[in-house]
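# Observations on the model geometry
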Amino acid sequence: MVNLRPISAALHDKAKRELNEKPERIDEDLAALRQWLARTPHIRARIDDQFLVTFLRGCKYSLERAKEKIDMFYSVRTAIPELMRNRDPDKARTREIVRLGVGLPLPLTDGPDAPRIMLIRPGVYDPKQYTIEEVIKVSTMINDILMLEDDNMVIAGQ
């Protein structure tokens with residue numbers, strides 16, 4: 001039994017129609033990804049259903065593309081550690097950058113199956129006060145949260 005959070009009927013229909021999601025196959029697809037990850041020692045990935053389905057949906061249920069995307073997801077995190085370590089949302093500097101609103105996911109979408117709208121305002125931060133690496137780090141933190149928690153972004157896009 002797949003352990004996924006429930007989605008709206010509109011998102012469910014969109015996932016079936018546009019992402020090739022077949023609820024009766026999800027278990028099998030997740031098992032295939034887990035088997036591949038078990039045989040891929042250079043990737044130490046999360047293997048929970050919700051996380052893996054995010055990649056399947058993002059690749060329209062192509063197992064090979066999902067594998068490539070997972071590999072790239074973890075490779076980037078390894079290759080650019082300065083953007084991936086010390087990601088503390090309670091750190092004062094992180095909170096300052098979030099409050100600046102450089103990149104904000106807007107709370108409403110155009111409809112129940114519409115993409116997540118991001119407001120990007122690169123001109124609001126002072127480069128003398130914050131580095132581009134700090135801003136990108138906060139942006140990746142927000143994107144990771146959306147990837148894990150926002151079904152509109154995962155299914156309908158951004």
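The structure presented is a predicted model; accordingly, all values stated were derived computationally and were not measured.

Rules used throughout
- Each chain carries its own residue numbering, running from 1 in the written order of its sequence.
- Local features in a predicted model are, by the rule used here, given only for residues with pLDDT of at least 70; side-chain atom pairs are given and counted only at 80 or more, and totals for whole chains, interfaces and linings are based on all residues.
- Note that the side-chain values use all heavy atoms of the structure and ignore hydrogens as well as water.
- Secondary structure counts use DSSP, requiring at least four H or I residues in a row for a helix and at least two E residues in a row for a strand, with both numbered from the N terminus.
- Buried means the residue's accessible area, taken with a 1.4 Å probe over protein chains only, is under 20% of the maximum for its type, while exposed means over 50%, and partly exposed covers the values in between.
- By definition in these notes, contact holds between two residues if any of their heavy atoms fall within 4.5 Å.
- The Shrake-Rupley method, run with a 1.4 Å probe, gives the accessible areas here. Residue values count only the displayed protein chains as cover.
- By the counting scheme adopted, Arg and Lys are positive, Glu and Asp are negative, and His together with the chain ends is not counted.
- Just so you know, the charge point we use is NZ for Lys, CZ for Arg, CG for Asp and CD for Glu.
- UniProt positions are given in the numbering used here, feature names are shortened, and annotations may be inferred rather than shown by experiment.
- Arc, as used here, means the arc of the directions from the helix axis to the C-beta atoms.
- Here the bounds of each domain stem from an automatic or database domain assignment.
- The span expected for a helix works out to 1.5 Å for each residue beyond the first.
- Here a cavity means grid points, on a 1 Å grid over the protein atoms only, where a 1.4 Å probe fits yet cannot get out; a pocket means an open set of points with protein on both sides within 12 Å along at least five of seven lines; lining residues are those with an atom within 4 Å of a point.
- Grid points are joined across faces, edges and corners, and a volume is the space filled by probe spheres set on the points.
- Stacked, edge-to-face and tilted labels apply to pairs of Phe, Tyr and Trp rings (six-membered ring for Trp) whose centres lie within 6.5 Å, assigned for plane angles under 30 degrees, over 60, and everything in between, in that order.
- By the criterion adopted, a ring carries a charge over it if an Arg CZ or a Lys NZ lies within 6 Å of its centre and within 35 degrees of its normal.

Looking only at helices and strands, one finds 8 helices and 2 strands in the protein chain. Moving toward the C terminus, one meets the helices and strands of the protein chain in the order α-α-α-α-α-α-β-β-α-α. A principal-axis box enclosing the C-alpha atoms of the protein chain has dimensions of 50 × 40 × 25 Å. Residues classed as buried in the protein chain amount to 37% of the 158 residues present. Considering only residue pairs separated by 6 or more positions, the protein chain has 63% of its internal contacts joining residues 24 or more positions apart. Carbon and sulfur atoms make up 55% of the accessible area of the protein chain, which amounts to about 9,500 Å² in all. Within the protein chain, the 25 negative side-chain charges are centred at a point lying 2 Å from the centre of the 26 positive side-chain charges.

Residues given the UniProt feature "domain: CRAL/TRIO N-terminal" (unreviewed entry) here are residues 48-73. Helix and strand shares over residues 48-73 are 81% and 0% respectively, and the end C-alpha atoms of the span are 16 Å apart.

Right, let's talk about helix α1 (residues 9-19) for a bit. Every α-helix winds through 3.6 residues per turn, so residues three or four apart in the chain are directed the same way. The complete set of buried residues in α1 reads Leu11, Lys14, Ala15 and Leu19. Projected onto a plane normal to the axis of α1, the buried residues spread over an arc of 100 degrees and lie on a single side. Away from its buried face, by an angle of more than 90 degrees, α1 presents the exposed residues Ala9 and Arg17. The elements touched by buried residues of α1 are α3 (49-58) and α8 (151-156). Asn20 lies just past α1 and shows a positive phi near 65 degrees.

The domain architecture assigned to the protein chain consists of domain 1 (9-79) and domain 2 (87-145). For domain 1 versus domain 2, the distance between C-alpha centres works out to 25 Å.

As a further point, take helix α7 (residues 132-149). Given a rise of 1.5 Å per residue, 18 residues ought to cover 26 Å, and the 26 Å separating the end C-alpha atoms of α7 matches this to within 8%. All buried positions along α7 are accounted for by Val135, Lys137, Val138, Thr140, Met141, Ile142, Asp144, Leu146 and Met147.

A separate point is the environment of Arg85. In this structure, Arg85 sits in the loop between α5 (81-84) and α6 (92-100). Distance from Arg85 to Arg39, taken between C-alpha atoms, is 26 Å for residues 46 residues apart in sequence.

Bringing the layout of surface pockets into the picture now. Computed from the structure, the largest pocket encloses a volume of approximately 420 Å³. Lining of the largest pocket is provided by 20 residues; of these, Thr54, Lys69, Asn143, Met147 and Met153 occupy positions nearest its centre. When we break the lining of the largest pocket down by domain, the ones giving at least three residues each are domain 1 (9-79) and domain 2 (87-145). Looking at the second largest pocket, the residues that line it are Arg87, Pro89, Thr94, Val98, Gly103, Leu104, Pro105, Val138, Met141, Ile142, Asp144 and Ile145. Those elements that place two or more of their residues in the lining of the second largest pocket are α6, β1 (103-105) and α7.

The next thing to look at is the packing of aromatic side chains. In this description, an aromatic ring pair is defined by two values, namely the gap between the centres and the angle between the planes. In total, this model carries 5 aromatic pairs according to the counting rule given. Seen in terms of ring centroids, Phe55 and Phe73 are 5.3 Å apart; in terms of plane orientation they differ by 80 degrees. Their pairing is edge-to-face. Residue Phe55 is located in helix α3, and its partner Phe73 is located in helix α4 (residues 63-79); the two are separated by 18 residues in the primary sequence. A residue is classified by how much of its surface remains accessible, and Phe55, at 3% relative accessible area, is buried. For Phe73, a relative accessible area of 15% translates into the label buried. Through successive ring pairs, a cluster of aromatic residues spans Phe51, Phe55, Phe73 and Tyr74. The ring of Phe73 has Arg77 sitting right over it, with the charged end atom 3.7 Å from the ring centre.

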